[in-house]
Amino acid sequence: MGRFLVVCDVDSTLIDNEVIELIADAAGTGERVADITSRAMAGELDFKESLRERVATLEGLPVSKLAGIRDRISVTTGAQDLIDAVHARGGIIAAVSGGFHETLDPLAADWGLDWWAANRFEIVDGKLTGRVLGDIVDATAKADSLRMLAARHDIPLSATIAVGDGANDLEMMAAAALGVAFCAKPIVQQRATVSITERDLRLVIPLFGA
Ligand SMILES: [Mg+2]
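Note that the structure is predicted; figures quoted are calculated from it, not measured.

A.B. asks: Would you explain the packing of aromatic side chains in this entry?
C.D. replies: The description of two aromatic rings rests on the distance between their centres and on the angle between their planes. In this structure the tally under the stated criterion is two aromatic pairs. Their ring planes at 45 degrees and their centres at 4.8 Å tell us that Phe 4 and Phe 208 sit as a pair that is tilted. Separated by 204 residues along the polypeptide, Phe 4 in the segment before strand E1 (5-8) and Phe 208 in the segment after strand E7 (194-196) bring together distant segments of the chain. Owing to a relative accessible area of 2%, Phe 4 belongs among the buried residues under this scheme. Plain terms: the ring middles of Phe 100 and Phe 121 are 3.8 Å apart, the flat faces sit at 10 degrees to each other, and that makes the pair stacked. Pair noted here: Phe 100 is in strand E2 (residues 92-100) and Phe 121 is in strand E3 (residues 115-124), with a separation of 21 residues, a long-range link. Residue Phe 100 is classed as buried on the basis of its relative accessible area of 2%.

A.B. asks: So what exactly am I meant to see when it comes to the nonpolar core here?
C.D. replies: Side chains of a nonpolar character, in soluble globular proteins, are inclined to be buried together. Counting residues in each nonpolar core, the largest one holds 74 residues, and the members touching the most others are Val 6, Leu 82, Val 163 and Phe 208. Take this core: its biggest share by element is six residues, from E2.

A.B. asks: Hey, could you run me through helix H2 (residues 30-41) in this one?
C.D. replies: Between its first and last C-alpha, H2 extends 16 Å over twelve residues, near the 16 Å set by a 1.5 Å rise per residue. Taken residue by residue, H2 has Gly 30, Val 33, Ile 36, Thr 37, Ala 40 and Met 41 as its buried positions. The buried residues of H2 occupy an angular sector of 135 degrees when the element is viewed end-on, so they sit on one face. When the buried face of H2 is taken as reference, the exposed residues oriented beyond 90 degrees from it are Glu 31 and Arg 32. Looking at the buried residues of H2, the elements they touch are helix H1 (19-27) and helix H3 (47-56).

A.B. asks: What is the right way to look at the pattern of salt bridges in this model?
C.D. replies: Side-chain pairs of opposite charge can arise where the charged atoms are in close proximity. Using the criterion set out here, one finds ten salt bridges in the structure. Of the charged contacts, one joins Asp 16 and Arg 199 as a salt bridge, the two residues approaching to 2.7 Å between their closest N and O atoms. With Asp 16 in the loop between E1 and H1 and Arg 199 in the segment after E7, the pair connects residues that are 183 residues apart, well separated along the chain. With a shortest N-O distance of 3.7 Å, Lys 48 and Asp 138 are connected by a salt bridge.

A.B. asks: Is there a simple way to think about the coordination of the magnesium ion in this case?
C.D. replies: Six octahedral donors around a metal ideally make angles of 90 or 180 degrees; four tetrahedral donors ideally make 109.5 degrees. All of the protein donors around the magnesium ion are Asp 9 (OD), Asp 11 (O) and Asp 165 (OD); their distances to the metal are 2.1 to 2.2 Å. For the magnesium ion, the donor residues sit on a single chain with the sequence spacing D-x1-D-x153-D. On the accessibility criterion, Asp 11 (8% relative accessible area) is buried.

A.B. asks: Looking at this structure, I do not really get the sheet that holds strand E4 (residues 127-133). What am I missing?
C.D. replies: Pairing between the strands of a sheet comes from backbone hydrogen bonds, and it takes one of two forms, parallel or antiparallel. Spatial ordering of the open sheet is given by E4-E3-E2-E1-E5-E6-E7, a layout of seven strands whose pairing is mixed. Of all the strands in the sheet, the pair left with one neighbour each is E4 and E7. The mean angle between the axes of side-by-side strands here comes to 25 degrees, regardless of whether they run parallel or antiparallel. Pairing geometry for E2 and E3, over four bridges, is parallel. Opposite Ala 94, over in E3, you have Trp 115 as the bridge partner. Contacts from H3 reach E2, E3 and E4 within the one sheet, and its direction differs from that of E4 by about 170 degrees.

A.B. asks: Sorry, what's going on with the environment of His 87 here?
C.D. replies: Within the secondary structure layout, His 87 lies in helix H5 (residues 79-88). Not counting chain neighbours up to four residues away, the residues in contact with His 87 comprise Ile 93, Gly 112 and Asp 114. Within polar-contact distance, the side chain of His 87 engages the side chain of Asp 114 at 2.7 Å.

A.B. asks: Teacher, can you tell me more about the packing of helix H4 (residues 65-72) against helix H6 (residues 101-111) here?
C.D. replies: How two helices sit against one another is set out by the angle between their axes and by the gap between those axes. Interaxial distance between H4 and H6 falls to 10 Å at its minimum, and their mutual angle equals 50 degrees. Between H4 and H6, the angle is such that the two are oblique. Crossing handedness for the pair H4 and H6: right-handed. Taking contact as the criterion, the partners of Leu 66, Ile 69 and Arg 70 in H4 are, on H6, Glu 102, Thr 103 and Pro 106. Looking at the contact of H4 with H6 residue by residue, the class counts come to three nonpolar, one polar and two charged.

Each value, and the rule that gives it
Residues numbered from 1 in each chain as written. Predicted model: local features only at pLDDT ≥ 70, side-chain atom pairs only at ≥ 80, totals over all residues. Heavy atoms only, no water. Phe/Tyr/Trp six-rings, centres within 6.5 Å; stacked < 30°, edge-to-face > 60°. Helix = DSSP H or I, 4+ residues; strand = E, 2+ residues; numbered from the N terminus. Buried < 20%, exposed > 50% of the residue type's maximum accessible area, 1.4 Å probe, protein only. Core = buried A, V, L, I, M, F, W, Y, C linked by side-chain atoms within 4.5 Å. Expected span 1.5 Å × (residues − 1). Arc of directions from axis to C-beta. Contact = heavy atoms within 4.5 Å. Salt bridge = Lys/Arg side-chain N within 4 Å of Asp/Glu carboxyl O. Donors = N, O, S within 2.8 Å, 3.2 Å for Na, K, Ca; no water. Pairing = 2+ DSSP bridges. Axes fitted to C-alpha atoms, helices over the stretch in contact; angles between N-to-C directions. Polar contact = N/O pair within 3.5 Å; in protein donor to acceptor, adjacent residues only side chain to side chain. Parallel < 35°, antiparallel > 145°, perpendicular 65-115°, else oblique. Left-handed = near helix turned anticlockwise from the far one by under 90°. Nonpolar A, V, L, I, M, F, W, Y, C, P; charged D, E, K, R; others polar.

Here it is, written out as structure tokens:
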């Protein structure tokens with residue numbers, strides 16, 4: 001394979017958690033948000049609407065609470081190995097997240113990702129307002145990001161891989177040459193080119209040459 005591009009989902013893919021659930025725990029709305037998240041990832045709810053609904057439950061949460069949430073994030077086994085392996089072979093690796101810049105930015109910088117996108121909380125007077133700023137990163141935005149990055153780096157779509165676990169990853173998986181379902185919801189496994197069922201991102205590495 002020549003130059004290639006790998007685009008990964010974040011929540012339940014590069015990390016073991018759904019960050020919105022960790023934040024909701026801190027806001028005391030954990031159970032409600034976990035229920036909406038699992039329905040959204042199974043493709044039963046519109047992602048944008050479901051995200052707005054979940055973020056609305058976080059209104060009033062002090063931003064200072066987000067620091068403690070970062071400590072509760074568990075990075076998926078093999079995530080750094082995957083990122084390093086892409087770079088060692090001259091590839092580009094990016095993350096597109098339906099989660100949030102506030103928690104993703106420090107991780108993405110640590111990992112050495114080439115590019116990433118996520119949602120951003122509206123914050124007023126040091127508190128979350130319960131609203132999201134700007135456009136929500138949904139399934140279409142994820143697929144658009146993959147196509148944009150491929151064009152920017154002059155990489156043909158035939159040399160792209162998308163890795164994800166949820167229904168909002170299906171569009172980018174369809175746009176990529178190789179759609180990899182990673183410990184994914186049934187609807188995602190059914191439509192993927194390859195399905196990985198063991199929670200180890202190193203299993204993506206042999207697919208670069210496929
Ligand atoms: Mg996910």
